[in-house]
Amino acid sequence: MKISRVVEVLDAKVLAGEGGLDQEVRSACGSDMMSDVLAYVKDQGLLLSGLMNPQVVRTAMMMDMHCIVFVRGKQPSEEILRLAEAADIAVLSTELTMYMSCGRLYEAGLGK
Amino acid sequence: MRPASESDGALMSEPLHFHFDVNGDDFTSAGEASVQVKKLLRQLDVAPELIRRISIAMYEGEINMVIHAHGGDADVFIAEDEVTIRLRDDGPGIPDVEKAMSEGYSTAPDNIRALGFGAGMGLPNMKRYSDSLTIDSLVGKGTTITMVFRF
């Protein structure tokens, strides 16, 4: 699924990495616990999280992810956006909850 | 980052050595050394899957040093057939290494958990992603962790 399609499915705003919306992601991971992301994620290019700190971006960088979605309408800081922009990671924000976001993406075929 | 030894770019009779100071004052900057190492390995054309293993393990180590030991030093040695990462701190040491290695065991404070870490996966992840992991720890003195990754 292209990241631009993720934007549609989640009715999301694009906060950083506008240039990378053409990239494909094959699956996703939803977690507020970065330790678990580092432990269990294999080839998920998309991270959904409600956690707001720069380590979310670093975790995504370590895992070679292309996109972070902040759920529950959270607004990341400038620092988070700067880090993501520098790492070519698209940052989206959706008003949906984690559960609804994951459900919609799965229903739309992501990671099925 | 500063290269501690020079190379003519050819891979490589002497291992390349890079040294990093891991700042313990600021949790938000934890992981910067791992990001640098990841870039470096990309430039050296190391296989992406191996880069991912190395950078995740080093990142976990860096986070641990910041959480538990107020920072320390990281040394990265890149040889022809392996990468060695040595993380050294003057922190409180690990009283029970076996316990610390078990998944889910964590002594991280609640404020760290609120930041998304402290699930007790750090050391187990470092072991999982490296080919060998050695912990040399003395309570009250500090800890040195050495990880080797073979190409």
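All values derive from a computational prediction rather than experimental measurement.

### Re the overall build of chain A
For chain A, the helix and strand inventory stands at five helices and five strands. Traced from its N-terminal end to its C-terminal end, chain A shows the element sequence α-β-β-α-β-α-β-α-β-α. Here chain A, with 112 residues, has 54% of them falling under the buried criterion.

### Topic: the interface of chain A and chain B
On the side of chain B, 28 residues touch chain A, which itself brings 21 residues to the contact. Both sides together, the interface formed by chain A and chain B hides about 1900 Å², and carbon and sulfur atoms give 52% of it. Among the residues chain A hides against chain B, the three largest losses belong to A:L38, A:Q55 and A:M62. Together they make up 32% of the total. Seen at the junction of chain A and chain B, the total is four salt bridges. Residue B:K38 is joined to A:D64 by a salt bridge in which the shortest nitrogen-to-oxygen separation is 2.7 Å. Run the count over chain A and chain B and you get 17 residue pairs in polar contact (both at pLDDT 80 or more). Looking at the side of chain A that touches chain B, the elements with two or more residues in it are α2 (34–40) and α3 (54–62) of chain A. In terms of residue class, the side of chain A that touches chain B is made up of ten nonpolar, four polar and seven charged.

### Points about the sheet that holds strand β4 (residues 67–70) of chain A
One key point about sheets: their strands pair by backbone hydrogen bonds, in either a parallel or an antiparallel sense. Residue and element names in this part refer to chain A. Pairing is mixed across the open sheet formed by five strands, whose spatial order is β1-β5-β4-β3-β2. Each edge of the sheet is formed by a strand with only one pairing partner; in this case those strands are β1 (13–16) and β2 (28–30). In this sheet, neighbouring strand axes are inclined to one another by 25 degrees on average, regardless of whether the strands run parallel or antiparallel. Of the strands in this sheet, β3 (46–49) and β4 touch α3, which is tilted by about 150 degrees from β4. Running at roughly 155 degrees to β3, helix α5 (residues 98–107) makes contact with β2 and β3 of the sheet.

### Digging into unusual backbone geometry
Here A:D11, not a glycine, exhibits a phi torsion of approximately 50 degrees, which is positive. Among the secondary structure elements, A:D11 is positioned in the loop between α1 (3–9) and β1.

### Observations concerning the pairing of strand β5 (residues 132–138) of chain B
Residues and elements named next belong to chain B. The pairing of β5 with strand β6 (residues 142–150) spans seven bridges and is antiparallel. By the bridge assignment for β6, I135 is matched with I145. Two successive antiparallel strands, β5 and β6, enclose a turn made up of three residues, where G140 displays a positive phi of approximately 85 degrees.

### Thoughts on the environment of A:A87
Note that A:A87 resides in the loop between α4 (78–86) and β5 (90–93). Spatially, the C-alpha atom of A:A87 lies 9.4 Å from that of A:A60, the residues being 27 residues apart in sequence.

### Focus on the layout of surface pockets
Of the volumes computed, that of the largest pocket is approximately 580 Å³. Lining the largest pocket are 34 residues, with B:N64, B:H68, B:I94, B:T107 and B:L123 sitting closest to its centre. A total of eight residues in the lining of the largest pocket trace back to one element, the largest contributor, which is helix α2 (residues 48–69) of chain B. Residues that form the lining of the largest pocket fall into these classes: 18 nonpolar, twelve polar and four charged. Within this model, the second largest pocket holds a volume of roughly 430 Å³. Lining the second largest pocket are 18 residues, with A:M61, A:A86, A:A87, B:K39 and B:R42 positioned closest to its centre. Of all the secondary-structure elements, those providing two or more residues to the lining of the second largest pocket are α3 and α4 of chain A together with α1 (32–43) of chain B.

About the criteria used
Residues numbered from 1 in each chain as written. Chains lettered and ligands numbered in written order. Predicted model: local features only at pLDDT ≥ 70, side-chain atom pairs only at ≥ 80, totals over all residues. Heavy atoms only, no water. Helix = DSSP H or I, 4+ residues; strand = E, 2+ residues; numbered from the N terminus. Buried < 20%, exposed > 50% of the residue type's maximum accessible area, 1.4 Å probe, protein only. Contact = heavy atoms within 4.5 Å. Buried area = accessible area lost by both parts, 1.4 Å probe. Salt bridge = Lys/Arg side-chain N within 4 Å of Asp/Glu carboxyl O. Polar contact = N/O pair within 3.5 Å; in protein donor to acceptor, adjacent residues only side chain to side chain. Nonpolar A, V, L, I, M, F, W, Y, C, P; charged D, E, K, R; others polar. Pairing = 2+ DSSP bridges. Axes fitted to C-alpha atoms, helices over the stretch in contact; angles between N-to-C directions. 1 Å grid on protein atoms, 1.4 Å probe; cavity = no way out; pocket = protein on both sides within 12 Å on 5 of 7 lines; lining within 4 Å. Points joined across faces, edges and corners; volume = space filled by probe spheres on them.

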